[in-house]
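Examining the three-dimensional arrangement
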Amino acid sequence: MNSQSSQTMGQQSGRRSWAEPWKIKVVEPLTMTTREERKKALVEAGYNTFLLRSEDVYIDLLTDSGTSAMSDRQWAGMMLGDEAYAGSRNFYHLEAAIQKYYGYKYIVPTHQGRGAEHLISRTVIKPGQLIPGNMYFTTTRLHQELSGGIFHDVIIDEAHDPNSLHPFKGNIDLDKVQALIDQHGAKQIAYISVAGTVNMAGGQPVSMANVRALRALCQKHGIKVYLDATRMMENAYFIQQREEGYADRSIAQILREFCSYTDAAWMSAKKDNLVNIGGWLAVNDWDLFEELRNLVVVYEGLHTYGGLAGRDLEALAIGIEESAQDQHIRSRIGQVLYLGELLSQWGIPIVQPIGGHAIFLDARAFYPHLKQIEFPAQTLAAELYLDSGIRSMERGIASAGRDATTGDHYYPKLELTRLTIPRRVYTQAHMDVVAESVKAVYDARQSVRGLKMVYEPKYLRFFQARFEPL
Ligand code: F0G
């Protein structure tokens, strides 16, 4: 169809929808349960959605991590796994894909993101050094702390306000970085930790202008910029959609430019890269690479497999290429927007603007009658599960944990429940069912009581903590 006749059609029908750039070849049946069964499962799980059995879950929006559907090409690639201990052919495919799409020189595979975080934190942080970052992420900050570092949040203030419509709420506040340099000196800063998009802020992006300016500031002071590239493809999409001068650039081009302003990256390939397991480190500095390559042998596996099978490396190499396609990212984020816009239209409080990988329900606004220590976001996740069997995740006071020095709870400004959308897994009909369940829980919000924590693990407590109703 030529463009003129397609335009005419568009005007006639009044809408032009996008659709997923794939069709479904294999299906996996879902389990549906009764409210009574869910109540029993929830009590057994200590009101923590991480402790539910996935068989008791209907639509699983716990995380977008490792939950993607792989393509037929990726599954075919699994059969081409070269399971040699050393020098597997699939490693070289992966290396070439990262070099091509992300642009870094040297690659170290790891079993997942936190494996990469562990290695880089151990290698570059000296005890007592500061790591400024655009909001914390749970595992990232913990590895920085375990290496003796002290995390400092330098994200712009708007990121802590669920209602601010700033288009790049992941941006770094350069004045906050400058203040840290002035106060402590550049030598006290291990590196700047930049995540694109920012998970805990609601999947919010960083602008190209911001990372470029950050780069200039850091170069002046000899400070390295390291990137958490976990959801950088999604970040690139927001730059394409929202930042002047990028509308005609491809996702792949934007990604390359963004990465060029950073010195190294770590990756949880379980997200953007469309695989069920995997991670990597990528750096431009040979000396740093040598240290990482040496350390990976101690903690993950040889430097050409890093804890992964040859077949995993191959699926990952193909996943990188697929994830950088404009049509893929458009439909991936399009689905998140679809759910978010439905909820917004119904007046349900969510973090705005809608982010890349998830809808974040504003649990404070759901339950203004609950104190933060009564775990509003955890409560909301439990209520949603009870209503429909949909599994979500707390991203509030339970996730924030405790201050390592004082032992007090962190009280984060954002108290959120995350509906995380796996890539290429659910349909628009599933999104409708999710929205309707959220609406039902919202309508019943006034009668809800909070939770108390009755078991608290030492590290990353949200994964295994147990709760009881107040
Ligand atoms: N960085 C970011 C921004 C992440 O979101 C995650 C994981 C990691 C690093 C760690 O990677 O899980 O492969 O070890 N986030 C998951 C989530 C767990 O549900 O948001 P990992």
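Residues numbered from 1 in each chain as written. Predicted model: local features only at pLDDT ≥ 70, side-chain atom pairs only at ≥ 80, totals over all residues. Heavy atoms only, no water.

**A closer look at the state of the cysteines**
A disulfide bridge is the covalent bond that connects two cysteines by way of their sulfur atoms. Which entries qualify depends on this criterion: Our working definition of a disulfide is a cysteine sulfur pair at a distance within 2.5 Å.
Going through the model one piece at a time under the given rule, you end up with zero disulfides. Not part of a disulfide, cysteine 218 finds its nearest cysteine sulfur in cysteine 259, a span of 16 Å.

**Some details on empty space enclosed by the protein**
Selection rule: Points on a 1 Å grid, built from protein atoms alone, make a cavity when a 1.4 Å probe fits but cannot get out and make a pocket when they are open with protein on both sides within 12 Å along at least 5 of 7 lines; residues with an atom within 4 Å of a point are the lining residues. Grid points are joined across faces, edges and corners, and a volume is the space filled by probe spheres set on the points.
Under the counting rule described, the total for this entry stands at one cavity of 30 Å³ or more. What the largest cavity holds in volume is close to 70 Å³. What lines the largest cavity is Glu20, Trp22, His328, Ser331, Arg332, Gln335, Pro422, Arg423, Arg424 and Tyr426.

**Observations concerning the layout of surface pockets**
Formally: In this description a helix means any DSSP run of H or I spanning at least four residues, a strand means any run of E spanning at least two, and both kinds are numbered starting from the N terminus. In this document the domain limits rely on a domain assignment from an automatic tool or a database.
A volume near 530 Å³ is recorded for the second largest pocket. What lines the second largest pocket is a set of 22 residues, among which Tyr136, Arg141, Phe151, Asp153 and Tyr410 lie closest to the centre. Those elements that place two or more of their residues in the lining of the second largest pocket are helix 6 (138–146) and strand 3 (150–153). Here the element with the most residues in the lining of the second largest pocket is strand 3; it accounts for three residues. When residues are assigned to domains, the lining of the second largest pocket turns out to be shared by domain 1 (18–64 + 326–469) and domain 2 (72–323), each giving three or more.

**Points about the pairing of strand 5 (residues 225–228)**
The cut-off we apply is this: Categorising residues by exposure relies on relative accessible area from a 1.4 Å probe, with only protein chains included: less than 20% of the type maximum marks a residue as buried, more than 50% marks it as exposed, and the intermediate range marks it as partly exposed. The pairing criterion is simple: DSSP has to find at least two bridges between the two strands. Look down the strands so they point away from you; if going from the first strand over the helix to the second traces a clockwise path, that crossover is right-handed.
Here strand 5 shows no split at all, with Val225 and Leu227 on one side and Tyr226 and Asp228 on the other all buried. The sheet contact formed by strand 4 (residues 192–195) and strand 5 spans four bridges and is parallel. When the sheet's bridge partners are listed, alanine 195 is paired in strand 5 with aspartate 228. Taken together, strand 4, helix 8 (residues 208–221) and strand 5 form a β-α-β motif whose crossover is right-handed. Where strand 5 meets strand 6 (residues 264–268), three bridges bridge the pair, whose relative direction is parallel. From the neighbouring strand, tyrosine 226 faces strand 6, where its bridge partner is alanine 264.

**What about the site of the ligand?**
Condition: Whether a residue is near a molecule or strand depends on its heavy atoms: if one lies within 4 Å, it is near. Pairs of N or O atoms within 3.5 Å make up the polar contacts considered here, provided that, within protein, one atom can donate a hydrogen while the other can accept it, and that residues adjacent in sequence are counted only when both atoms are side-chain atoms. For the area figures, the Shrake-Rupley method with a 1.4 Å probe applies, and any residue is considered shielded solely by the protein chains shown.
Neighbouring residues of the ligand: 17 residues in total, closest Thr63, Arg114, Asp228, Ser268 and Lys271. Threonine 63 places a polar side-chain atom, nitrogen or oxygen, 2.7 Å from an oxygen atom of the ligand. A distance of 2.6 Å is found between an oxygen atom of the ligand and a side-chain nitrogen or oxygen belonging to serine 268. Protein contact buries 95% of the 460 Å² of open area that the ligand shows by itself. Here the shell around the ligand gets three residues from one element, more than from any other, and that element is helix 5 (residues 113–124).

**Notes on the domain arrangement of the protein**
Cut-off, in case you're wondering: Only heavy atoms enter the contact rule, under which two residues are in contact if any of them lie within 4.5 Å. Once two parts are brought into contact, the accessible area they lose, counted with a 1.4 Å probe and summed over both, makes up the buried area. One side-chain nitrogen of Lys or Arg within 4 Å of one carboxyl oxygen of Asp or Glu is enough to make a salt bridge.
Domains assigned within the protein are domain 1 (18–64 + 326–469) and domain 2 (72–323). Using only C-alpha atoms to locate each centre, domain 1 and domain 2 end up separated by 25 Å. On the domain 2 side, the residues contacting the 33 residues of domain 1 number 43 residues. Of the roughly 3,000 Å² buried at the junction of domain 1 and domain 2 (both faces included), carbon and sulfur atoms supply 58%. Of all residues in domain 1, the largest losses of buried area upon contact with domain 2 belong to Ile329, Pro353 and Leu414, amounting jointly to 18% of the total for that side. The tally of links between domain 1 and domain 2 comes to six salt bridges. Lysine 25 is the partner of aspartate 72 in a salt bridge, and the nearest nitrogen-oxygen pair spans 3.2 Å.

**Brief notes about the side chain of threonine 230**
Within the secondary structure, threonine 230 is located in the loop between strand 5 and helix 9 (232–242). Ignoring anything within four residues of it in the chain, the contact list for threonine 230 reads Trp266, Met267, Ser268, Lys271 and Asp272.

**Brief notes about the sheet that holds strand 10 (residues 416–420)**
By definition, the strands of a sheet pair up through backbone hydrogen bonds, in either a parallel or an antiparallel sense. Worth spelling out the cut-off: The axes used here are C-alpha line fits, helices contributing only the stretch in contact, and every angle between their N-to-C directions lies in the interval 0 to 180 degrees.
Spatially, 8-10-9 is the arrangement adopted by the three strands of the open sheet, whose pairing is antiparallel. In this open sheet, the two strands that pair with only one neighbour each are strand 8 (358–362) and strand 9 (393–395). The average angle at which neighbouring strand axes cross in this sheet is 35°, direction not considered. Against the sheet, helix 13 (residues 326–345) touches strand 8 and strand 10, its axis set at about 25° to strand 8. The sheet strands contacting helix 15 (residues 376–388) are strand 8, strand 9 and strand 10, and the helix crosses strand 10 at an angle near 45°.

**Notes on a nonpolar patch on the surface**
Spelled out, the test is: Nonpolar side chains (Val, Leu, Ile, Met, Phe, Trp, Tyr) are joined into patches within 5 Å and like charges within 9 Å, using only residues with over 30% relative accessible area and no salt bridge.
Taken together, the side chains of Val297, Val298 and Tyr299 define a hydrophobic patch exposed on the protein surface, amounting to about 270 Å² of accessible area. Tracing the sequence through the fold places valine 297 in helix 11 (residues 286–299). Assessed through its relative accessible area of 43%, valine 297 is described here as partly exposed.

**Details of unusual backbone geometry**
Put simply, glycine 196 and threonine 197 share a cis peptide bond, and its omega is -15°. Following the sequence through the fold, threonine 197 ends up in the loop between strand 4 and helix 8. A cis geometry characterises the amide bond from glutamine 352 onward to proline 353, with omega recorded as -15°. Notably, tyrosine 47 is not glycine yet its phi reads approximately 55°, a positive angle. Position of tyrosine 47 among the secondary structure elements: in the loop between helix 2 (35–44) and helix 3 (72–78). When its relative accessible area of 10% is taken as the criterion, tyrosine 47 is described as buried. With phi around 65°, leucine 274 is a residue other than glycine that occupies positive phi space. The class of leucine 274 is buried, set by a relative accessible area of 0%.

**Quick look at the packing of aromatic side chains**
Formally: Whether two aromatic rings pair depends on their centres lying within 6.5 Å, for rings of Phe, Tyr and Trp, where Trp uses its six-membered ring; planes under 30 degrees apart make the pair stacked, over 60 edge-to-face, and the rest tilted. The criterion for a charge sitting over a ring is simple: Lys NZ or Arg CZ within 6 Å of the ring centre, and within 35 degrees of the ring normal.
Counted by the stated rule, this structure contains 14 aromatic pairs. Aromatic pair phenylalanine 366 and tyrosine 442: ring centres 4.9 Å apart, planes at 70°, arrangement edge-to-face. You can see phenylalanine 366 sitting in helix 14 (residues 363–366) and its partner tyrosine 442 sitting in helix 17 (residues 428–443), a full 76 residues away along the chain. Across the pair, tyrosine 442 and phenylalanine 366 agree in class, each one buried. An aromatic cluster of at least three residues, connected via ring pairs, comprises Phe50, Phe462 and Phe463. Residue placement shows arginine 395 over the ring face of phenylalanine 462; its charged tip is 4.8 Å from the ring centre. When the ring centre of tyrosine 442 is taken as origin, the NZ or CZ atom of arginine 445, which lies over that ring, is 3.9 Å away.

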